Each structure stands twice: as structure tokens, then as C-alpha cells.
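Summary of structural features
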Amino acid sequence: MLAGMVVVGRLYDPAEFGEYGVFAAFSAIASVMVTLRLDLAVPLGHDNGEMRQIAAASLVMAAMICTTVFGVMLLWNRAIPGVAIGRSGLLLLPLSILLGAARSTLNQFAVALGEFRVIGRRAVAQSVAMVLVQVVWGACGLMGPGLVIGYIFGQLTACVMYVMSVGLPLVKPHHLIGVYREFRQYMMVMAPQGAINSLGTQLPLITVSWLYQSDVVGLFSMTQKVMGMPVGLVSTAMSQVYISFAAARRRENGVSVKGLFFRVSKSLALISCILVLVIWAIGPWLFTSVLGQEWRVSGHYAQLMVVLFAAQMIAVPVSTTLIIGRREKTQLAWDAARMGSVLVIFMSARYWDFSPEAYVMLVALVLSIAYLVLWELSRRVVVSPVSC
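Right, let's walk through the structure included here. (Residues numbered from 1 in each chain as written. Predicted model: local features only at pLDDT ≥ 70, side-chain atom pairs only at ≥ 80, totals over all residues. Heavy atoms only, no water.)

1. Section: unusual backbone geometry
A negative phi angle characterises most non-glycine residues, just as the trans form characterises most peptide bonds. At Arg37, a position not held by glycine, the phi torsion is positive, near 65 degrees. If you trace the backbone, Arg37 turns up in the loop between helix H2 (14-34) and helix H3 (48-76). Exposure remark for Arg37: the relative accessible area of 12% places this residue in the buried category. At Asp353, a position not held by glycine, the phi torsion is positive, near 60 degrees. Turning to its location among the elements, Asp353 is positioned in the loop between helix H13 (328-352) and helix H14 (356-383). Its relative accessible area of 65% is what places Asp353 among the exposed residues. (Helix = DSSP H or I, 4+ residues; strand = E, 2+ residues; numbered from the N terminus. Buried < 20%, exposed > 50% of the residue type's maximum accessible area, 1.4 Å probe, protein only.)

2. Focus: the nonpolar core
Phe17, Met222, Tyr242 and Tyr359 are the most contacted members of the largest nonpolar core, which totals 88 residues. Among the elements that line this core, the one with the most residues is helix H11 (residues 296-318), at 12 residues. Discounting chain neighbours no more than four positions away, the residues touching Met222 are Met5, Gly9, Phe17, Phe287, Leu291, Trp295 and Ser298. (Core = buried A, V, L, I, M, F, W, Y, C linked by side-chain atoms within 4.5 Å. Contact = heavy atoms within 4.5 Å.)

3. Remarks on the pattern of salt bridges
Scanning the entire structure with this criterion turns up four salt bridges. For the salt bridge of Arg338 with Asp335, the shortest nitrogen-to-oxygen distance reads 3.7 Å. In this pair, Arg338 and Asp335 are both assigned in helix H13, three residues apart and thus about one turn of the helix distant. For Arg380, the salt bridge goes to Glu376, with nearest N and O atoms at 3.0 Å. With Arg380 and Glu376 both in helix H14 and four residues apart, this pair spans about one turn of that helix. (Salt bridge = Lys/Arg side-chain N within 4 Å of Asp/Glu carboxyl O.)

4. Some words on the packing of aromatic side chains
Aromatic ring pairs are defined here through the distance separating the ring centres and the angle between the ring planes. Summed over the entire model, instances satisfying the criterion amount to 13 aromatic pairs. Aromatic pair Tyr20 and Tyr151: ring centres 6.0 Å apart, planes at 70 degrees, arrangement edge-to-face. Taken together, the positions of Tyr20 in helix H2 and Tyr151 in helix H6 (residues 146-166) put the pair 131 residues apart, joining distant regions of the chain. You can call Tyr20 buried: its relative accessible area is 4%. An angle of 65 degrees between the planes, with centres 6.5 Å apart, marks the rings of Tyr242 and Phe261 as edge-to-face. (Phe/Tyr/Trp six-rings, centres within 6.5 Å; stacked < 30°, edge-to-face > 60°.)

5. Some thoughts on the environment of Ser27
Relative to the helices and strands, Ser27 is located in helix H2. Looking at Ser27, the relative accessible area reads 0%, which means it is buried. Taking the C-alpha atoms as reference points, Ser27 and Leu99, 72 residues apart in sequence, are found 9.4 Å from one another.

6. Description of helix H7 (residues 173-182)
Those residues of H7 that sit buried are Leu176, Val179 and Tyr180. Taken around the axis of H7, the buried residues stretch over an arc of 95 degrees, which confines them to a single face. Seen from the open side of H7, the exposed residues pointing more than 90 degrees away from its buried face are Arg181 and Glu182. Where the residues of H7 are buried, they touch H3 and helix H8 (184-211). (Arc of directions from axis to C-beta.)

Read these as spatial facts, not as claims about activity.
Printed below as a string of C-alpha cells:
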């Protein structure tokens, strides 16, 4: 994946990467919203048949919403103010949203069936397919949004792999109506929570697109993707280990996970310190040497944001403590505060006309504090005598 990103960085300029980054951000946000979080309810089914019904209901809900959005975009027939996506990209957006929602639903279906090997193969195949199309498209000099088309092709590859492995959940219409009735309250609670969490994650890139030109958006997006790869790899691996052991210990007569929490946190802190030192020392040189001279500013952004990525690496894997300790309201409040903080910075930047560097630095500072607060909230749960 990293090697593919290097080639992609050489084939596309920052402006093209900016439009792609905004497209992927809006797709990620909407993919969470169009299922009304029914995708997360799939493993709650009591048997294969019920799980299949919930998965089908999630897919149908997403398809209906995305079809409606596509029809509106055809009738609108113009760019959407404040959205840095070209006309062709906007028409492709509903398809990407639908594929993203289908991938999430089928992923939960595979989890419920215990098909973990399929999930691993899907992740690799999706990344390879996406980068391959993006590289071939750029190398051949074809017209159109090659980065976006590669992104969609990767999503399609993931969905096809899931369907081939676990099948396409198809049920009768009256079963769908029953699922919507049964999970009506669930959707009313989980849909807003999912929207707030997804918006908070993607909002920094989206606000950059509202404030600055597409080349700045591309430079910022490249920083997020390059830095996000090692951070995401370590965080995902440690999170899976932590939640597995933490949940098992809690089931064993409420055994405390305090020791595990601090061991994992110390390991993540050590890795984060190494990341911070490397990027502070050679960030711009590293981006320039690997991606080319036009991406040097991305290296500067990485230096400004590396503490944020380090804080994410430390806090996110152990933040599942809040869920294990049944602190869902605390998690929701934190998500809302994170989103609100970015919006306040955005409005300040518009009023006082911040430079891109000042805006990136301020967002990184505030979000770094937010993730440290998330870690502290998790710590308070594990040291509480009545939790975890």
C-alpha cells in the first residue's frame, strides 16, 4: 500500500489529490449515515437467518437513500457550494456511498459468521485494486478523476469478495418491514451517534477544503494518508488485542483490566515517541525524497500534526474501555466535543483569515488535547472500583 501511494504521489498533483481526498471524506461520512447503523446490528441476530434479514435491511435502506440522492443530483445538475468535488465526482458519489455501506454491512455479516480470513483477504484486495487502477489510469494519462475511479473500484472489489464468500443476503419484503419495526429505536439512537463520530473524524479535511484552494487540500490529505498508514496499522492491531483480552477478563467475574490498560498504553507511547522524533527530524526531506518536491509542504504539515497522530495512536486502541465499561454517553459527549472544537476553529479561521499552516497547527493542537482527554476518560474507567 505504501509503495502504491508513492507511485500515486508521482502521477497526480496536489490539486487532483485534494478533490480525491474530499470525495473519500464525504463518501466515508455518508456511508455511515445511509444504513442508519443497521450494519452494526447484524451480529445481534440470534441465528443465521435473522442476521441475514438485518443485513438485507441495511443494504436496502442504503440503496433507497443513495438512489434518491443520485436522482436529486441529476436534477440539480450543478456543483454544490462548499463541496470541492467536480461534476463527474458528484455523480459518482452516490455509487461510492452505496458501495461503502454495502462493504460495511457485508463486513459485519462476515464477522457474525466468523469468516475472519475473508475479512483479511478483503482488506488486501481492496487496497491492491484501488492503487492498481489509480496507477494505470495516471500512467496512461486518461481523462477523468482517476483517483476517484480507483477508490470506487477498490470498494467494488471488496463487495464482490464478500458476496462470493458469505453470499448476498436476500429476504422477502415483509421480513424487511419486520426488521425496521424491531430496530426502530436502535436506529433513532445509533444513527446520530454514528454521524457525529464520522463527521468528527473527517471534519478537519472538509474544513480545509472550505477554507483553501484544492492544492492545499491535496497536501493536507496526503499528510493524513501517509501518516495514517503506520498509525492505523499499529492502532488496529493493538486495539484488536486489547478489546479481545479486556472483554475476556471482564467476563471472568469482572477481573480488572487496569494492568492491561497501562501496559498497552506504555507500548503505544514508546512507538509514538519514535514516530514524533523521526517526523520532527526529517519530515519534509522524507516526503520530498519519496513523493517528489511538490509534496514538501506535506512534510511540514506532518511535523505540525505528528503529535496529533501520536495522541491518536495512544488513545484510540484503549478507548474501547468506554464501551466495555458501558460509558456510551461519555463516548458520545467526547465525539460531539471533538466535532464542535473543529467547527469553532474553522469559524475563527474564516473570521481572522488564518494561513494554512496556522490552521493546521491549531487543529492539531486542539485535537491532540482531545485525544489525551479521551485517554484520561478511559483511564478513569479502569481505575474505578465499579467498572472494568
